[in-house]
Amino acid sequence: MSTTAETAEHEGALETRGLEPVPDSERHGKTSELFPTWVAANISVLLLTMGAGLIVSNSLNFWQVLVVALVSPVLSYGLVGLVSIAGKRGGSPGMTLSRAVFGQRGNLFPGSLIWVARWGWETINAVTGAYAILTVLDICFGVKQNTALKVITLLAFVAATFLISGLGRKVLHVCSQWSTYLFGAFSILVLVYLLTDTDWSKVFDQPAGSTAMMIAGIGTIAAGGISWVPTGPDFTRYLPRNAPSKPLVGHAVGGAAIVVVPMVLMGAVMAVSTPGLSSAQDPVAFLGDLLPTWIAVPYLIMALIGMLLINSMSMYSAGFTAMTLGIKVPRAWAVSVNAIISLIFGYLLMNVATSFMGSFISFLTLLAVAFSAWIGVFGIDMLRRKTYDGEALMDTKRTSAYWYKAGFAWQAMTSWGVALLVGLLFTKVDWFSGPLATSWIGRNGLGWLMTIVVAGVLYAVLPREPLPETATPTEPATPAEATGPTAEAKPAPAKA
């Protein structure tokens, strides 16, 4: 097959490229494409419910909620943007680049944990999407929920997710752009309605809560963004190697914040008149009660599209993670594993679990710790490693430069394992409480931050071993990258 034909195949509507590094000849992406990507990653009505929880459960006032809403995306999506720089350096998905850090066998451990964690995230989104469909059916046609209808709507949502995620990056980008415009327009309508229909004296008369609860709130809202950090490189691997790094961070933070801030605040305002929405089993139906039909129905439809995109992006990356773990099928088929799991867990959450939001917050808390151990190690490695050996990434045998000792990089594995354990010691959820959960760090919900710090510090101080002399970058840097104003310095041989 000619180079032109290969390029056309990989860049078509149906993406066929798997884990292999994207060659420079196919790197036609633009940093501006990342803004709608991270907008779409946050279009979820769950942010409204979480904003309500800051008022009801955390006992914060409006101004404290504003601080939480502003700080959370800066922290979490700042990390997303920073780690996504590795994507343009190596041209491969995040969990494939992680082989260079943990070793070919060692990477299976954090990879498996992150893959399993994605099951929960996709299940939560699938259930929320199904509830959105049920609410629209109720408002428009008076159709009430029952077990059979729950299963049908859940199946429809997961099937649509599977279809979109299987098509690949270009389809996701186009969908993200349109959903950004449409959801933004209807969010403004909701905001205007709340401005005119809300008793603002009651909103601003809310007493202030404790600083501890405000910090805990930041951790809860930020947890959703932290779950995207390992997948950041998946959406930047088509960028030219010499693309500037600052926009990667700026678009990630800006795209998330433009959704997170107003939606969390709207949820907080809604909670003043409807405090029960922060603990409702159905996290969507309240919109039909709070908003007039002409706003509620199109807003729910736009939110449904947004949740489809969130799940599609998650499954898109989960397909790469599954392939990284050695599941030897095309990416589109690897996605089907997560789709089936979402159906099973979604059914249990909708029909067996007693508290949707309780399960969701517990999951977010554990998710943040699980992902943070990887973030700390990979982030420190990025400070030292400017290039990746493309052949070594794909070589899973003993001949790989990333084989290290028996397939493991003991420094990374030790740092990851110790940090994960420490983070759990400071963590408390509905059904689990670490022995240090009552400490200041634990009470403030900072177990995830402690995990990042411990992982990063340990990995930074443990001795490094140089890579074999044969290790080379994925492809030579272009002259623009070597000399341009936004280029990064040409590195010495990478360290393991």
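Worth saying up front: this structure is predicted, and the values here are computed from it rather than measured. (Residues numbered from 1 in each chain as written. Predicted model: local features only at pLDDT ≥ 70, side-chain atom pairs only at ≥ 80, totals over all residues. Heavy atoms only, no water.)

1. Digging into the overall build of the protein
The condition that has to hold: Per the convention used, a helix needs a DSSP run of H or I reaching at least four residues, while a strand needs a run of E reaching at least two, with both numbered from the N terminus. For the exposure calls, accessible area comes from a 1.4 Å probe over protein chains only, and a residue counts as buried if that area is under 20% of its type's maximum, exposed if over 50%, partly exposed in between. In what follows, a contact means two residues having at least one pair of non-hydrogen atoms within 4.5 Å. For every accessible area listed, the method is Shrake-Rupley and the probe measures 1.4 Å; residues are considered covered only by the protein chains on display.
Looking only at helices and strands, the protein features 21 helices and two strands. Taken across its 496 residues, the protein has 57% of its residues classed as buried. The long-range share in the protein, meaning contacts at least 24 apart out of those at least 6 apart in sequence, stands at 86%. On the protein, roughly 19,100 Å² of surface is accessible, and the fraction owed to carbon and sulfur atoms is 70%.

2. Some details on the packing of helix 3 (residues 46–56) against helix 12 (residues 246–273)
Two quantities define a packed helix pair, namely the angle between the helix axes and the distance between the axes. Selection rule: The axes used here are C-alpha line fits, helices contributing only the stretch in contact, and every angle between their N-to-C directions lies in the interval 0 to 180 degrees. We call two directions roughly parallel when the angle between them is under 35 degrees, roughly antiparallel when it is over 145, roughly perpendicular when it lies between 65 and 115, and oblique otherwise. Helix crossings fall into two classes, left-handed where the near helix is turned counterclockwise from the far one by less than a right angle and right-handed where it is turned clockwise. Here the nonpolar group is Ala, Val, Leu, Ile, Met, Phe, Trp, Tyr, Cys and Pro; Asp, Glu, Lys and Arg are the charged ones; every other residue, Gly included, is treated as polar.
Direction vectors running N to C along helix 3 and helix 12 enclose 55°, while the axes themselves pass 6 Å from each other. Taken together, helix 3 and helix 12 sit at an angle that is classed as oblique. Crossing hand, helix 3 versus helix 12: right-handed. Note on element contacts: helix 12 touches helix 3 through Val-259, Val-260, Met-263, Val-264, Met-266, Gly-267, Ala-268 and Ala-271, opposite Leu-47, Leu-48, Gly-51, Ala-52, Leu-54, Ile-55 and Val-56. Classifying every residue of the contact of helix 3 with helix 12 gives 13 nonpolar, two polar and no charged.

3. As for empty space enclosed by the protein
Under the convention used in this document: Only protein atoms enter the calculation, which uses a 1 Å grid: trapped sets of points that fit a 1.4 Å probe without letting it out are cavities, open sets showing protein on both sides within 12 Å along at least five of seven lines are pockets, and any residue with an atom within 4 Å of a point is a lining residue. Grid points are joined across faces, edges and corners, and a volume is the space filled by probe spheres set on the points.
Within this structure, the stated rule accounts for five cavities of 30 Å³ or more. Of the volumes computed, that of the largest cavity is approximately 200 Å³. Residue lining of the largest cavity: 21 residues in total, with Asn-42, Leu-47, Trp-121, Ile-221 and Gly-224 positioned closest to the centre. Put simply, the parts of the chain that give the lining of the largest cavity at least two residues each are helix 3, helix 4 (62–90), helix 7 (108–141), helix 11 (211–226) and helix 16 (356–384). Class assignment of the residues belonging to the lining of the largest cavity gives a composition of 14 nonpolar, seven polar and no charged.

4. A word on the environment of Val-45
By the secondary structure assignment, Val-45 is in the loop between helix 2 (34–40) and helix 3. In this structure the C-alpha to C-alpha distance between Val-45 and Gly-306, which are 261 residues apart in sequence, comes to 9.1 Å. Not counting chain neighbours up to four residues away, the residues in contact with Val-45 comprise Thr-128, Met-263, Pro-283, Val-284, Leu-287, Ala-303 and Met-307.

5. Considering unusual backbone geometry
One non-glycine residue, Tyr-404, lies in the positive phi region at around 55°. In this fold, Tyr-404 is placed in the loop between helix 17 (390–394) and helix 18 (410–425). Its identity as a non-glycine residue notwithstanding, Ala-406 has a phi of 60°, on the positive side. By the element assignment, Ala-406 lies in the loop between helix 17 and helix 18. Residue Ala-406 is classed as partly exposed on the basis of its relative accessible area of 42%.

6. Things to note about helix 16
Keep this limit in mind: One less than the number of residues in a helix, times 1.5 Å, gives the span that helix is expected to have. Note on bend: the value at a residue is the angle between axes fitted to the seven residues ending there and to the seven starting there.
Taking 1.5 Å as the rise per residue, helix 16 with 29 residues should run 42 Å; its terminal C-alpha atoms sit 42 Å apart, in good agreement. The axis of helix 16 is deflected most strongly, by about 25°, at Ser-372. The buried count for helix 16 comes to 22 of 29 residues, which makes it a mostly enclosed element.

7. Some remarks on helix 18
Along its 16 residues, helix 18 runs 23 Å from first to last C-alpha, staying within 8% of the 22 Å computed at 1.5 Å per residue. If you check which residues of helix 18 are buried, you get Gln-411, Ala-412, Met-413, Ser-415, Trp-416, Ala-419, Leu-420, Val-422 and Gly-423. Buried residues in helix 18 make contact with helix 6 (99–102), helix 7, helix 16 and helix 20 (447–461).

8. Topic: the nonpolar core
The test is simple: Nonpolar cores were defined as sets of buried Ala, Val, Leu, Ile, Met, Phe, Trp, Tyr and Cys residues, with membership established by side-chain atoms within 4.5 Å.
Formed by 137 residues in total, the largest nonpolar core has its most connected members in Trp-38, Trp-228, Leu-287, Phe-360, Trp-374, Phe-378 and Tyr-388. Contact partners of Trp-228, with chain neighbours within four places excluded, come to Trp-38, Ala-41, Tyr-77, Val-80, Arg-118, Trp-121, Ile-310, Met-313 and Ser-314. Counting residues in hydrophobic clusters, the runner-up holds five residues, among them Trp-115, Trp-119, Ala-318 and Ile-341.

9. Remarks on the confidence of the model for the protein
Formally: Scored from 0 to 100, pLDDT records how confident the predictor is in each individual residue.
With 86% of its residues at a pLDDT of at least 70, the protein reaches an overall mean of 84. Per-residue pLDDT stays below 50 along residues 1–12; that stretch engages in 16 contacts with residues further than four places along the chain or on separate chains.

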